[in-house]
Amino acid sequence: MKKYMALAIATAASIAAIVTVSAFTNPGAVAVSVYTVSPQTVRHTVDYTGKVESAENKSIYTDIPCIAGDVLVKTGQLVEKGDVLFTVDVDATKQAAATLEDALPGSSLDEGEIQQEMTSPVRGIVSSLNVSEGEITDSAKPCVVISSGEALQVKISVPESGLSDIFVGQEVTLSGVAFEKDSYRGTISSIAPSARTQASGTASETVVDTIIDIHPEDVDDSLRIGLSAKAQIVLDESPNALIVPYEAVLQDDEGREYVYICQNATAVKRVITTGNALEDGFEVRAGLTEGEQVILTPEKIEKNGAAVTAT
């Protein structure tokens, strides 16, 4: 008997709960999605595209004029430290020296003075090659120039309108589709003292070349000379910005931007002032406060003051 009495009491309680909920739920209320406004740190940035370059060039000279033998590299080739760049034809060099001795006594060479091969002192890219097989080298000019991969930089072209936003010593975030990591650290090391004209499609613009040094500890094998790189520069930072998603913002007949907020189960129109357009929405400069619930589906609201249910 007690068992059935307990069941009856539970059933009565359930019915009472349903009646209570029904009494407080507006059957005409529109179900809407909401977004709670909260402070966020917002960085205003500008992006430039450039190329990875060597920050160091190594020039290889011969100690004396000599006749090149086999040239084993070509421009644009990656070489490792110790790789042979070209050999020296010792016999031809001795013959050339003997000819010179006839015309200029005292200019003969001992074989031990002739370096038999020239090697790369660093790992890098052959950026300049000024030697050919069978030709005499000029000891006053570099035979080969190696762009070292040990110290790297990115060169970007900044339009004159953006010059006021950059300065030497400014931190930069670097990235690239071929890079191993998502981002690399860089620092602006130099800004060219003069501008130049750069073609941009059918038009042209005035730009200033700017060098960004990649932090040495961030350099890895994926940062190859010649690859494209994106440089992101932070212009300013707002630590307590309020953001509202794009889909929540409407415009009324007077050209004012507004949102609907969910307040006491009612959609209330709120005129706002927006600032920068960001990745996730508009920065709100006036009209909203922290903790308010913005309706993300304003197309469901027929009029100001409509009954809503937040989901």
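All residue numbers refer to position in the chain's written sequence, counted from 1. Whole-chain, interface and lining totals are the exception, using all residues; otherwise, since this is a predicted model, local features are given only for residues with pLDDT of at least 70 and side-chain atom pairs are given and counted only at 80 or more. Excluding hydrogens and water, the side-chain figures rest on all heavy atoms present in the structure.

1. Quick look at the state of the cysteines
- Put simply, a disulfide is two cysteine sulfurs that come within 2.5 Å. All told, the structure shown has 0 disulfides when counted by the stated rule.
- The cysteine Cys66 is free of any disulfide, with Cys143 supplying the nearest cysteine sulfur at 6.6 Å.
- Only protein chains enter the accessibility calculation, which uses a 1.4 Å probe; a residue is then buried when its area is under 20% of its type maximum, exposed when over 50%, and partly exposed in between. Note on Cys66: relative accessible area 4%, which makes it buried.
- Judged by its relative accessible area of 1%, Cys143 falls in the buried class.

2. Brief notes about the sheet that holds strand β4 (residues 57–60)
- Pairing in this open sheet of 4 strands is antiparallel, and the strands run β4-β10-β9-β6 from one edge to the other. The strands lining the two open edges of the sheet, one partner per strand, are β4 and β6 (78–79).
- Strands were regarded as paired on the criterion that DSSP finds at least two bridges between them. Secondary structure elements follow DSSP: runs of H or I of four or more residues count as helices, runs of E of two or more count as strands, with numbering from the N terminus. As defined by bridge partners, β6 adjoins strand β9 (residues 124–129) across 2 bridges and the pair is classed as antiparallel. If you follow Val79 over to β9, its bridge partner there is Gly124.

3. Some remarks on the sheet that holds strand β5 (residues 68–71)
- Overall, antiparallel pairing links the 3 strands, which are arranged β5-β7-β8 in an open sheet. Edge positions in the open sheet fall to β5 and β8 (117–119), since each of these has one partner strand only. The average angle at which neighbouring strand axes cross in this sheet is 25°, direction not considered.
- Here 3 bridges tie strand β7 (residues 84–88) to β8, and the two strands are oriented antiparallel to one another. Each residue of the ladder has a partner; that of Phe86, found in β8, is Met118. For every element, the axis is a line fit to its C-alpha atoms; helices are fit only across the contacting stretch, and the angle between N-to-C directions ranges from 0 to 180 degrees.

4. Considering the nonpolar core
- In these notes, a set of buried Ala, Val, Leu, Ile, Met, Phe, Trp, Tyr and Cys residues joined through side-chain atoms within 4.5 Å is what counts as a nonpolar core. Formed by 18 residues in total, the largest nonpolar core has its most connected members in Val154, Ile156, Val172, Leu174 and Ile212.
- Counting residues per element, the ones that place at least two in this core are β3 (39–54), β11 (152–159), β12 (171–175), β13 (184–191), β15 (203–214) and β16 (228–244).
- Looking at which element gives the most residues to this core, the answer is β11, with 4 residues.
- Contacts are assigned to residue pairs with any non-hydrogen atoms lying within 4.5 Å of each other. Setting aside anything within four residues of it in sequence, one finds Ile156 in contact with Tyr48, Thr49, Gly50, Val208, Asp209, Thr210, Ile212 and Ala231.

5. Overview of the packing of aromatic side chains
- Classification of ring pairs uses Phe, Tyr and Trp, with its six-membered ring standing for Trp, and accepts pairs whose centres are within 6.5 Å; under 30 degrees between planes counts as stacked, over 60 as edge-to-face, and the remaining range as tilted. According to the stated counting rule, one finds 3 aromatic pairs in the structure shown.
- When the centroid spacing of 5.6 Å and the interplanar angle of 85° are considered together, the rings of Phe179 and Tyr184 count as edge-to-face. For the residue pair Phe179 and Tyr184, the accessibility class agrees, reading buried in each case.
- Relative to Tyr260, the ring of Tyr258 has its centre 5.6 Å away and its plane inclined at 90°; by these criteria the two rings are edge-to-face. The pair Tyr258 / Tyr260 is uniform in exposure class, with both members buried.

6. Digging into the environment of Phe86
- Here Phe86 shows up in strand β7.
- Phe86 gets classed as buried once you look at its relative accessible area, which sits at 0%.
- Those residues in contact with Phe86 that sit more than four places away from it in its chain are Thr62, Ala68, Asp70, Val71, Leu72, Glu117, Met118, Val131, Cys143 and Val144.

7. Observations concerning the confidence of the model for the protein chain
- Averaged over every residue, the pLDDT of the protein chain is 85; the share at 70 or more is 87%.
- Considering only residues more than four positions removed or in separate chains, one finds that residues 102–107, a stretch of pLDDT under 50, has 4 contacts. Per residue, pLDDT measures the predictor's confidence, with a range of 0 to 100.

8. Topic: the side chain of Ser238
- Residue position: Ser238 is located in strand β16.
- By relative accessible area, Ser238 is classed as buried at 19%.
- Aside from chain neighbours lying at most four places away, what touches Ser238 is Gln40, Thr41, Val42, His44 and Glu283.

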